[in-house]
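Architecture at a glance
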Amino acid sequence: MTVTKNDKNPRTTGRPTLNEVARLAGVSPITASRALRGVSTVAESLVEKVRQAARDLNYVVNPAARALASAQSHSVVVLVPSLSNLLFIDTLEAIHRVLRPKGFEVVIGNYHYSRDEEEDLLRNYMAYQPRGLLLTGFDRTESARRMIEASNIPCVYMMELDPGAGLNCVGFSQLKAGETAAEHLISRGRKRLAYVGAQLDQRTLLRGEGFRRALQKAGLYDPDLELLTPRPSSVGLGGELFLQLLASHPDVDAIFFGNDDLAHGALFEALRCGIKIPEQVAVLGFNDLPASAYMVPRLSSISTPREAIGRRAAEQMLTLMAGNRIAQPVVDMGFELKVREST
């Protein structure tokens, strides 16, 4: 049997190569690469030719090979603590819309609110030489911090602010959000105010701290009215904690929940048990998820700019990957109190 050797594109794996895709599409290998990466400067007609050629040949991009060939990958790693929370889904969608047209692959890692798991993901992904890192918050292991610093990979932090750290970050003040929640409930004439939080990541704790400070300033703080659990947040848990709090402290007249999932559960249980909201207890949520405006009663909540944070963080990342400095490294996107029927 005669074996035909291709000196330009030797294949030992039997898999189709990028050069073969380029030849079939009638373009150069670099154009084929850009078309498959979605670079916006490639004409749509050429993109379709290249994609059709890739389909015909069953070609699959090998990101590891691409990174070895260029000493850099075209990937940006995004690490979030949850993929079951709409907060992070909206952020990820925005990041993808910014980076994908520029030819970058968005690699998503979910560390399930575990600092150790986040460290493992960082170590694994850095082996592929990503172009950038988009990370959630500042709470991580010391080993992870050292790894990030030593890598010299551009990094942008999301959801929190730390003006004194010299880091690129896009988010809002979790402390101020908690303070705003307390001030709103106090302005409604409430005297027995509780904070209910679950999961207990750093952002949840900071919101609670802001809530506590505002109550202390007003002389209304009672440590017994903080109900915190490390259990994963859910609608079901919110209902359970709501009933638990009222059973032990029936005089509570306002509750700030650390997120909308918990608050939704509270409203469901209130409806089931005949507890009048807000006449007996005012309920305030956090994040303003889409369903909140349609609850019974409609849930008051602090709206967070999750889509805008993702977009701005991705834009900062493009600036850093281009080798430029960011004029405004700390970007406060703010938040908005949405007052509805529940308060």
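Scroll up to find the structure this text is about.
Presented here is an overview of the structure given in this document. (Residues numbered from 1 in each chain as written. Predicted model: local features only at pLDDT ≥ 70, side-chain atom pairs only at ≥ 80, totals over all residues. Heavy atoms only, no water.)

Taken in spatial order, the 6 strands of this open sheet run β2-β1-β3-β4-β5-β11, and their pairing is parallel. Here the strands that pair on one side only, and so sit at the sheet edges, are β2 (105-110) and β11 (330-332). Taking each pair of neighbouring strands and ignoring which way they run, the sheet shows an average axis angle of 15°. Here strand β5 (residues 169-171) runs beside β11; their pairing, made up of 3 bridges, is parallel. The residue of β11 that forms the bridge with Cys-169 is Val-330. (Pairing = 2+ DSSP bridges. Helix = DSSP H or I, 4+ residues; strand = E, 2+ residues; numbered from the N terminus. Axes fitted to C-alpha atoms, helices over the stretch in contact; angles between N-to-C directions.)

Side-chain pairing between opposite charges can occur once the charged atoms of the two side chains come close. Tallying each qualifying case throughout the model produces 22 salt bridges. One salt bridge connects Arg-140 with Glu-118, and the closest N-O pair in it is separated by 2.8 Å. On the criterion of sequence distance, the pair formed by Arg-140 in the loop between β3 (132-136) and α7 (142-151) and Glu-118 in helix α6 (residues 115-126) is long-range, its members being 22 residues apart. What makes Glu-118 buried here is its relative accessible area of 0%. Taking the shortest distance from any N to any O, the salt bridge between Asp-288 and Arg-340 comes out at 2.9 Å. You can see Asp-288 sitting in the loop between β9 (282-287) and β10 (300-303) and its partner Arg-340 sitting in the segment after β12 (336-338), a full 52 residues away along the chain. (Salt bridge = Lys/Arg side-chain N within 4 Å of Asp/Glu carboxyl O. Buried < 20%, exposed > 50% of the residue type's maximum accessible area, 1.4 Å probe, protein only.)

The terminal C-alpha atoms of helix α12 (residues 306-321) lie 22 Å apart, and with 16 residues this matches the ideal 22 Å at 1.5 Å per residue to within 8%. For α12, the complete set of buried residues consists of Arg-306, Ala-308, Ile-309, Gly-310, Ala-313, Ala-314, Gln-316, Met-317, Leu-320 and Met-321. (Expected span 1.5 Å × (residues − 1).)

Within the structure shown, the criterion is met by 7 aromatic pairs. Between Phe-172 and Phe-335, the ring centres sit 6.2 Å apart and the planes meet at 65°, which makes this aromatic pair edge-to-face. Residue Phe-172 is found in the loop between β5 and α8 (174-187), and its partner Phe-335 is found in the loop between β11 and β12; the two are separated by 163 residues along the sequence. Judged by relative accessible area, which is 27%, Phe-335 ranks as partly exposed. Across from the ring centre of Phe-286, 4.0 Å away, lies the NZ or CZ of Arg-207, which sits over that ring. (Phe/Tyr/Trp six-rings, centres within 6.5 Å; stacked < 30°, edge-to-face > 60°. Lys NZ or Arg CZ within 6 Å of the ring centre and 35° of its normal.)

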